[in-house]
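# Examination of the molecular architecture
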Amino acid sequence: DNGTMNFWDYSTGYNFQKTETVAQPGSLDSENGIYAAEFDLTGTRLITCEADKSIKIWKEDEEASELSHPTDMAGWRKKCLAEAKQRY
């Protein structure tokens, strides 16, 4: 695990956001992993347990919009179909 988190749309499988966690100062590069993730009871914050023995709480980006995080469904579909053709 390299500490990368991907957020996917369940119904389409589209990866709409990708982010990386940062290991705490003094930790090894190999401790940049995420062991577990769970939403809190409100469903607005993501809590992660990480390899560097830290617990991080992630909040929603309230300024995010379709302009700041565009969803290119047509481009994503073309990419998926092209990758599927290469596999077979």
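Up top is the structure these notes are about.
Overview of the structure. These figures come from a predicted structure and were not determined experimentally.

## Observations concerning the pairing of strand β3 (residues 34–39)
- Bridging between β3 and strand β4 (residues 45–50) involves five bridges; their strand directions are antiparallel. What sits directly across from isoleucine 34, in β4, is glutamate 50.

## Some words on the pattern of salt bridges
- The tally for this structure, following the rule as stated, stands at two salt bridges.
- Across the salt bridge formed by aspartate 40 and arginine 45, the nearest N and O atoms sit 2.8 Å from each other.
- Look at aspartate 40 and you get buried, because its relative accessible area is 16%.
- Where lysine 56 meets glutamate 50, a salt bridge forms, and the shortest distance between an N and an O atom there is 3.0 Å.
- Since its relative accessible area comes to 5%, glutamate 50 is described here as buried.

## Details of the environment of aspartate 40
- Mapped onto the secondary structure, aspartate 40 falls in the loop between β3 and β4.
- Placed 28 residues apart in sequence, aspartate 40 and serine 68 show a C-alpha to C-alpha distance of 25 Å.
- Those residues within four positions of aspartate 40 in sequence are excluded, and the remaining contacts are Arg45 and Ile47.
- A distance of 2.9 Å separates the side chain of aspartate 40 from the backbone nitrogen of glycine 43, its partner in a polar contact.
- A polar contact of 3.3 Å, which involves the side chain of aspartate 40, links it to the backbone nitrogen of threonine 44.

## So, the sheet that holds strand β5 (residues 55–59)
- Read across the open sheet, the three strands follow the order β3-β4-β5; overall the sheet is antiparallel. Bordering the open sheet on either side are β3 and β5, each of which pairs with just one other strand. Here the average twist between neighbouring strands, direction ignored, is 20 degrees.
- Pairing between β4 and β5: five bridges, direction antiparallel.

Rules used in this analysis
- Residues numbered from 1 in each chain as written.
- Predicted model: local features only at pLDDT ≥ 70, side-chain atom pairs only at ≥ 80, totals over all residues.
- Heavy atoms only, no water.
- Pairing = 2+ DSSP bridges.
- Helix = DSSP H or I, 4+ residues; strand = E, 2+ residues; numbered from the N terminus.
- Salt bridge = Lys/Arg side-chain N within 4 Å of Asp/Glu carboxyl O.
- Buried < 20%, exposed > 50% of the residue type's maximum accessible area, 1.4 Å probe, protein only.
- Contact = heavy atoms within 4.5 Å.
- Polar contact = N/O pair within 3.5 Å; in protein donor to acceptor, adjacent residues only side chain to side chain.
- Axes fitted to C-alpha atoms, helices over the stretch in contact; angles between N-to-C directions.

Worth remembering: the numbers are spatial, not functional.
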